[in-house]
Amino acid sequence: MTRDGAGLSMVEKSWMVLDAFAPGGGPMRLTELADRAGLPRSTVHRLLTRLVEVGSVERSADGFHLGRKLFELGAMVPVERGLRNAALPFMEDLYIATHEAVHMGVMDGYDVVYVEKIYGHAVFSMPSRVGGRLPLTCTAIGKAMLAFAEPEFVEAVLAQPLRRLTRHSVVDPGRLADALAEIQVSGIAYEYEEVQAGGGSLAAPVFEQGKVVAALSVAVPVARFHPVRLAPAVKTAALGLSRQLSRSTRPAGGR
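Cut-offs used in this document
- Residues numbered from 1 in each chain as written.
- Predicted model: local features only at pLDDT ≥ 70, side-chain atom pairs only at ≥ 80, totals over all residues.
- Heavy atoms only, no water.
- Helix = DSSP H or I, 4+ residues; strand = E, 2+ residues; numbered from the N terminus.
- Buried < 20%, exposed > 50% of the residue type's maximum accessible area, 1.4 Å probe, protein only.
- Pairing = 2+ DSSP bridges.
- Axes fitted to C-alpha atoms, helices over the stretch in contact; angles between N-to-C directions.
- Contact = heavy atoms within 4.5 Å.
- Salt bridge = Lys/Arg side-chain N within 4 Å of Asp/Glu carboxyl O.
- Core = buried A, V, L, I, M, F, W, Y, C linked by side-chain atoms within 4.5 Å.
- pLDDT = per-residue confidence, 0-100.
- Phe/Tyr/Trp six-rings, centres within 6.5 Å; stacked < 30°, edge-to-face > 60°.
- Polar contact = N/O pair within 3.5 Å; in protein donor to acceptor, adjacent residues only side chain to side chain.

Caption draft 1: Fine view of unusual backbone geometry. Non-glycine residue His99 carries a positive phi angle of around 60°. Here His99 shows up in the loop between α5 (78–98) and β3 (101–108). On the basis of relative accessible area, His99 is assigned to the exposed category, the value being 51%. Positive phi is not limited to glycine here, since Gln209 has a value of about 50°. By secondary structure assignment, the location of Gln209 is in the loop between β7 (199–208) and β8 (211–221). Among the residues examined, Gln209 registers a relative accessible area of 49% and is labelled partly exposed.

This is the structure in structure tokens:
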């Protein structure tokens, strides 16, 4: 791809502009969007005009923002919608049991994509957000899913340079492999200041018909990082959701 986007379709260029809003969604100025998308300002201005007209982007005094139309479309994605609907009662139970921030995430490539989140009452800034991405290898949710993923996929992840978000992030493949083996035995994954300083999380995998499809977690400040208290609640919620998902996909007439 050339810097000016020559040879790309209008759809591809439009997506590059929308993707340039990541991770916060705005507000952003025209020049910033053009720089991040790698497209000429004139091209981005033309695309933004059309995107504003159809509601995918909104404009305010602060700049451009992603529009409500994208939120409406995202909420209709069938896989995530069905998973979120099934998960919310168990996430609410987990929040009641812990009073901490609760997350659900799924795997997409080498990342976790967060599809639902319940915020705790305590003020605790976290980099996770619904629709956001973080590396599989740094997050408790990612490790919980990775531990039960296909061996070929795990080998591919371990063969890549492991991303570092903080000085505590595990970047040694051998250490990560050992951690995944422990998760397979215990059914619970941990991260302690690997995503951000001052925070930690615990997660358990969610299965559908024996295949890992998601994970649930609680995220806490390090002062409240008490695995003995939190782990049973996380595992109970994940197990309940796994049973619910497996029942809902059981073939007709099955026992």
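Caption draft 2: Molecular detail of the sheet that holds β8. Here we have six strands laid out as an open sheet, ordered β5-β4-β3-β8-β7-β6, and antiparallel in their pairing. Single-partner strands in this sheet number two, and they are β5 (133–135) and β6 (189–192). The sheet shows a mean angle of 30° between the axes of neighbouring strands, taken without regard to direction. Sheet strands in contact with helix α9 (residues 227–248) are β3, β6, β7 and β8, and its direction is about 25° off that of β7.

Caption draft 3: Molecular detail of the pattern of salt bridges. Counted by the stated rule, this structure contains seven salt bridges. One salt bridge in this structure joins Asp108 and Arg133, with 2.3 Å as the shortest N-O distance. With a gap of 25 residues between them, Asp108 in strand β3 and Arg133 in strand β5 connect regions that are remote in the sequence. Residue Asp111 is joined to Arg163 by a salt bridge in which the shortest nitrogen-to-oxygen separation is 2.6 Å. Note that Asp111 is positioned in strand β4 (residues 111–118) and Arg163 in the loop between α7 (151–159) and α8 (173–186), a separation of 52 residues in sequence. One continuous salt-bridge network, built from bridges that share partners, spans Asp108, Asp111, Arg133 and Arg163.

Caption draft 4: Region of the structure containing the side chain of Ser242. Here Ser242 shows up in helix α9. If near-sequence neighbours (up to four positions away) are discounted, Ser242 is found in contact with Pro205, Val206 and Phe207.

Caption draft 5: Representation of the nonpolar core within the structure. Met104, Leu216 and Leu241 are the most contacted members of the largest nonpolar core, which has 30 residues in total. Secondary-structure elements contributing two or more residues to this core are α5, β3, β4, β7, β8 and α9. Here this core gets eight residues from one element, more than from any other, and that element is α9. Leu241 has contacts with Ala86, Ala87, Phe90, Met104, Val206 and Leu216, leaving out every residue within four places of it along the chain.

Caption draft 6: Geometry of the confidence of the model for the protein. Mean pLDDT over the protein: 86, with 86% of residues reaching 70 or higher. A low-confidence stretch, residues 251–255 (pLDDT under 50), is modelled with one contact involving residues beyond four sequence positions or located in other chains.

Caption draft 7: Structural view of the packing of aromatic side chains. With the rule as written, the count across this model stands at four aromatic pairs. With a centroid separation of 5.8 Å and 45° between ring planes, the pair formed by Tyr110 and Phe153 is classed as tilted. Of this pair, Tyr110 sits in the loop between β3 and β4 while Phe153 sits in helix α7, and the two are 43 residues apart along the sequence. For Tyr110, a relative accessible area of 35% puts it in the partly exposed group. On the numbers, 5.3 Å between centres and 85° between planes, the contact of Phe148 with Phe207 is edge-to-face. Linking Phe148 in the loop between α6 (140–146) and α7 with Phe207 in strand β7, this pair joins segments that are 59 residues apart in sequence.

Caption draft 8: Examining the environment of Pro173 more closely. Note that Pro173 resides in helix α8. Taking C-alpha positions, Pro173 is 7.6 Å from Ala159, a pair spaced 14 residues apart along the chain. With residues near it in sequence (within four places) discarded, Pro173 still touches Leu158 and Leu162.

Caption draft 9: Region of interest: the side chain of Thr166. The residue Thr166 is located in the loop between α7 and α8 in this model. Residue class for Thr166 comes out buried when judged on its relative accessible area of 12%. Within the local environment of Thr166, its side chain forms a polar contact with the backbone nitrogen of His168, the two atoms lying 3.1 Å apart. For Thr166, the residues in contact, after removing those within four places along its chain, are Glu193, Glu194, Val195, Gln196 and Ala197.

Caption draft 10: Here's a closer look at the pairing of strand β1 (residues 57–60). When β1 meets strand β2 (residues 63–66), the two strands line up antiparallel, connected through four bridges. Residue pairing for β2: Ser60 is matched across the bridge by Gly63. Counted between consecutive antiparallel strands, the loop separating β1 from β2 contains two residues.

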